[in-house]
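Structural characterization, general
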Amino acid sequence: MARAVTTQRKLVFTAIGWLIGILLFFPIFWTILTSFKTESEAIATPPSLLFFDWTLENYIEVNTRSDYLKHALNSVIIAFGSSLLGLLIAIPAAWSMAFSPSRHTKNVLMWMLSTKMLPPVGVLVPIYLLFRNTGLLDTLVGLVIVLMLINLPIIIWMLYTYFREIPGDILEAARMDGASLSREIVYILAPMATPGIASTLLLNIILAWNEAFWSLNLTAADAAPLTAFIASYSSPEGLFWAKLSAASTLAIAPILVLGWFSQKQLVRGLTFGAVK
Amino acid sequence: MGQIILENVSKSFGDAEIIPGVDLEVGDGEFVVFVGPSGCGKSTLLRLIAGLEDISGGRILIDGQDGTRLPPARRGLSMVFQSYALYPHMTVYRNIAFPLRMAKVDREEIDRKVRDAARILNLTDYLDRRPGQLSGGQRQRVAIGRAIVRQPKAFLFDEPLSNLDAALRVNMRLEISELHHSLATTMIYVTHDQIEAMTMADKIVVLNRGRIEQVGSPLELYRHPRNLFVAGFIGSPRMNLVTGAEAERRQAVTIGIRPEHVQLSTESGAWSGTVGVAEHLGSDTLLHVEVPGIGQVTARADGEFPVRHGDKVFLTPESERIHRFDENGEAL
């Protein structure tokens, strides 16, 4: 028999939930706070929590020293570009694996996932040389391609799981009704899987936005996204915590806002499965 | 127009042969029911006709033309699925309009046809709703609407009523039969329910393990089952099958007698037995009688027949209604 959730238990769980939430959010909160301090206050011990001289000088300096908007635009292009391109490839791939599986489908899926187990640095040199020889180094196109490839297994896996929730009968009905394969995907599959596709897109935008390894190694100035912009503040001259924090805050702000507004969609997508 | 001919159609999945080779002719305008127990291949056969599965051998002719390799959309057939298979993100209107949109029919024509179909199927008030907001019967009607709207050569029904409750099933059965009369289009209907088969069909195809056991009108199958399988499958309650001395006396290995062809008496008769269970249905009473030397015999009596559990009754099979079968189960 299921036990009723008592008020007391509810309170305990709520408290634990809040505690975990605060713990996870604390580094971000601290970064934001530090970005409003002077450099000396940033490294002061004991650290001051809220009572310090709030200042915007770090933001002003960060903006004069580097072009935030350019990096932000690069990040947007790379994150959205690689995610959309990934979807374009992954939707047909996931369709075929979900609705027309062969004996090898499971193995192919496992193989794709296994590529995520390889440390990226293992293929850095070949990819770097490939990029140098094809002129893709420090270009947005290059980074879009590489991030799309890096995240493709995840995109296909997520879509595959969502598509499998869609009854095959409905697609067969569309076929009987005269829909070609492309129309079947556009008119039936895609709209039915919208929550799944949207959450896959969002998750991949976030992953691509936060990606640092490839952005740092394959870009220099022109195509550098915000992750490279933050890294440029941990310089050989020493760490400037307050400026680094200001740069970080500027870099994470857009994705934080996107995540905040889309959290319902994200959660709904991740618990997808109620189409029947 | 809607003649479908199967020529030695077979289907295997890997090494498993599901349908070993079927020949069948479905005439234009006929209502043909495929009936058989689960796993007999009836749905597979329907899906082969629809084009949703590739056939392993043989040919399918639709209106005289070879449709074997045609994709489902180009066979000119409509299908109604067991699960309804409505598009959940579209309104009833858009569900019904979908095949017409795919056929690039112009907007006014679509509107006229959708409203016509909705009127026939009593769906006019629900056109703006989504499938999720409809009852099971309404959903089934939308599925039928989607099938009739593009005037196919034939309708294929894959156990369309099995998700409905009993009362609704009877209603929908009538509605589909009426639809067949008014449209006069070929219909192929798959069911495991032999009552549906008997009440709706012009022609019943009894399938067993991928093979056709018998094809015929409902009454033909009822009166002259070709073998034991058909005899046991068609008719409700099932035909009583008796082996042993009683059969040998009639020069057969097995004899069959339907419950409605057993005369009942409380005074005298050919066999005597004890009533195990008496099912009073109101109009009829079904008696399950234990007859020594023969086994359990089911008999149908009128609703007023005054017996209870444990009573002694006499049974007399109507001799001209007895079916005789040989050692292979074939009718003699």
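Since we're looking at a predicted model, the values are computed, not measured.

Analysis parameters
- Each chain carries its own residue numbering, running from 1 in the direction its sequence is written.
- By the order in which they are written, chains take letters starting at A while ligands take numbers starting at 1.
- The predicted nature of this model means local features are confined to residues of pLDDT at least 70 and side-chain atom pairs, given and counted, to a pLDDT of 80 or more, with totals for whole chains, interfaces and linings taken over all residues.
- Numbering of helices and strands starts at the N terminus; helices are DSSP runs of H or I of at least 4 residues and strands are runs of E of at least 2.
- The burial criterion counts other C-beta atoms lying within 10 Å of a residue's C-beta, which is placed from the backbone; the residue is buried at 20 or more, exposed at 12 or fewer, and partly exposed between these limits.
- Our contact criterion uses C-beta atoms placed from the backbone: two residues qualify when those atoms are within 7 Å.
- In this classification, the charged set is Asp, Glu, Lys and Arg, the nonpolar set is Ala, Val, Leu, Ile, Met, Phe, Trp, Tyr, Cys and Pro, and all remaining amino acids, among them Gly, are polar.
- Here a strand pair is declared whenever DSSP counts at least two bridges between the two strands.
- Here, a nonpolar core denotes buried Ala, Val, Leu, Ile, Met, Phe, Trp, Tyr and Cys residues that are linked to one another through C-beta atoms within 7 Å.
- Lines are fitted to the C-alpha atoms to define the axes, a helix being fitted only along its stretch in contact, and any angle between axes, read from their N-to-C directions, falls within 0 to 180 degrees.
- Residue count minus one, scaled by 1.5 Å, sets the expected span of a helix.
- The arc in question is the one traced by the directions running from the helix axis out to the C-beta atoms.
- Working definition: roughly parallel below 35 degrees, roughly antiparallel above 145 degrees, roughly perpendicular at 65 to 115 degrees, and oblique for all remaining angles.
- In this scheme the handedness of a crossing depends on how the near helix is turned from the far one: anticlockwise by less than a right angle means left-handed, clockwise means right-handed.
- The predictor reports its confidence for every residue as pLDDT, a score running from 0 up to 100.

A count of helical and extended segments in chain A gives 14 helices and two strands. Here the C-alpha coordinates of chain A stretch approximately 70 × 65 × 30 Å along the principal axes. The buried share of chain A, taken over its 276 residues, is 34%. The contacts of chain A with a sequence gap of at least 6 include a subset with a gap of at least 24, amounting to 78%.

In terms of helices and strands, chain B carries nine helices and 18 strands. The principal-axis extents of the C-alpha atoms in chain B amount to approximately 75 × 45 × 30 Å. A buried classification covers 41% of the 332 residues belonging to chain B. Of the contacts formed within chain B by residues at least 6 apart in sequence, a portion of 63% connects residues at least 24 apart.

Once that is clear, we can look at the interface of chain A and chain B. In this assembly, 15 residues from chain A lie in contact with 17 residues from chain B. Secondary structure elements with two or more residues in the side of chain A that touches chain B: helix H8 (168–176) and helix H9 (181–192) of chain A. Ranked by the residues each element gives to the side of chain A that touches chain B, the list is headed by H8(A), at six residues. The class makeup of the residues in the side of chain A that touches chain B is nine nonpolar, one polar and five charged.

The next point concerns the pairing of strand S16 (residues 295–302) of chain B. Residue and element names in this part refer to chain B. Here strand S15 (residues 284–291) pairs with S16 via eight bridges, running antiparallel. Following the sheet pairing, His 288 is matched in S16 by Thr 298. If you look at the hairpin formed by S15 and S16, you'll find three residues sitting between the two strands, and Gly 293 has a positive phi there, around 85°.

Now for the nonpolar core. Counting 149 residues, the largest nonpolar core has Ala94(A), Leu159(A), Phe163(A), Val33(B), Leu156(B) and Ile188(B) as the members making the most contacts within it. For this core, the element with the highest residue contribution is helix H7 (residues 140–164) of chain A, accounting for 14 residues. In contact with Leu156(B), other than residues within four places in its own chain, are Leu46(B), Ile49(B), Ala50(B), Leu77(B), Ser78(B), Met79(B) and Ile188(B).

This paragraph deals with the sheet that holds S15(B). All names here are of chain B. With antiparallel pairing, the five strands of this open sheet are ordered in space as S13-S17-S14-S15-S16. Only two strands of the sheet have a single neighbouring strand rather than two, namely strand S13 (262–265) and S16. Across the sheet, the mean angle separating the axes of adjacent strands is 45° when strand polarity is ignored. Across six bridges, the pairing between strand S14 (residues 271–280) and S15 is antiparallel. In the strand pairing of S15, Thr 274 is matched with Glu 290.

By definition, the strands of a sheet pair up through backbone hydrogen bonds, in either a parallel or an antiparallel sense. Residues and elements named next belong to chain B. Reading across from one edge, S11-S12-S18 is the order of the three strands in this open sheet, with antiparallel pairing throughout. Two strands lie at the open edges of the sheet, namely strand S11 (240–243) and strand S18 (323–325), each paired on one side alone. The mean inter-strand angle of the sheet, taken between neighbouring strand axes irrespective of direction, is 25°. Here strand S12 (residues 254–257) pairs with S18 via three bridges, running antiparallel.

Residue and element names in this part refer to chain B. Of the two faces of S11, only one is covered, namely that formed by Asn 240 and Val 242; the face formed by Leu 241 and Thr 243 stays uncovered. Where S11 and S12 come together, four bridges link them in antiparallel fashion. For Val 242, the partnering residue across the bridge sits in S12 and is Ile 255.

Before going further, it helps to examine unusual backbone geometry. Residues and elements named next belong to chain B. A cis amide bond links Ser 236 to the next residue, Pro 237, at an omega of -5°. Considering the arrangement of structural elements, one finds Pro 237 in the loop between helix H8 (228–233) and S11. The phi angle at Ala 85 is positive, at roughly 50°, despite the residue not being glycine. As for its placement among the helices and strands, Ala 85 is situated in the loop between strand S6 (77–80) and helix H2 (92–102).

Okay, H9(A) next. All names here are of chain A. In this model H9 runs 15 Å from its N-terminal to its C-terminal C-alpha over 12 residues, within 8% of the 16 Å that 1.5 Å per residue would give. Among all positions of H9, only Glu 184, Tyr 187, Ile 188, Leu 189 and Met 192 are buried. Projected down its long axis, H9 carries its buried residues within an arc of 155°, all on one side. Where H9 is buried, its residues contact helix H4 (68–99), H7 and H8.

Moving on to the packing of H7(A) against helix H10 (residues 194–210) of chain A. The axes of two packed helices give the description: the angle between them and the distance between them. Residues and elements named next belong to chain A. One can describe the packing of H7 onto H10 by two numbers: an axis separation of 10 Å at closest approach and a directional angle of 155°. When the axes of H7 and H10 are compared, the pair comes out roughly antiparallel. In this structure, H7 crosses over H10, and the sense of that crossing is right-handed. Here H7 contributes Leu 147, Asn 151, Ile 154, Ile 155, Met 158, Leu 159 and Tyr 162 to the contact with H10, which in turn contributes Gly 196, Ile 197, Thr 200, Asn 204, Leu 207 and Ala 208. Along the lines of polarity and charge, the residues of the contact of H7 with H10 split into nine nonpolar, four polar and no charged.

Model confidence for chain B is summarised by a mean pLDDT of 91, while 100% of its residues fall at 70 or above. With a pTM of 0.79, the predicted complex shows an ipTM of 0.84.

Moving on to the packing of H2(B) against helix H4 (residues 136–148) of chain B. All names here are of chain B. In contact at an axis separation of 7 Å, H2 and H4 are set at 30° when each is read in the N-to-C sense. With respect to H4, the element H2 is oriented roughly parallel. Considering the relative orientation of H2 and H4, their crossing is right-handed. Of H4, the residues touching H2 (which contributes Val 92, Asn 95, Ile 96, Phe 98 and Pro 99) are Val 142, Gly 145 and Arg 146.

Mapped onto the elements of the fold, Ser232(A) is located in the loop between helix H12 (226–231) and strand S1 (234–235). Given 16 C-beta atoms within a 10 Å radius, Ser232(A) is considered partly exposed.

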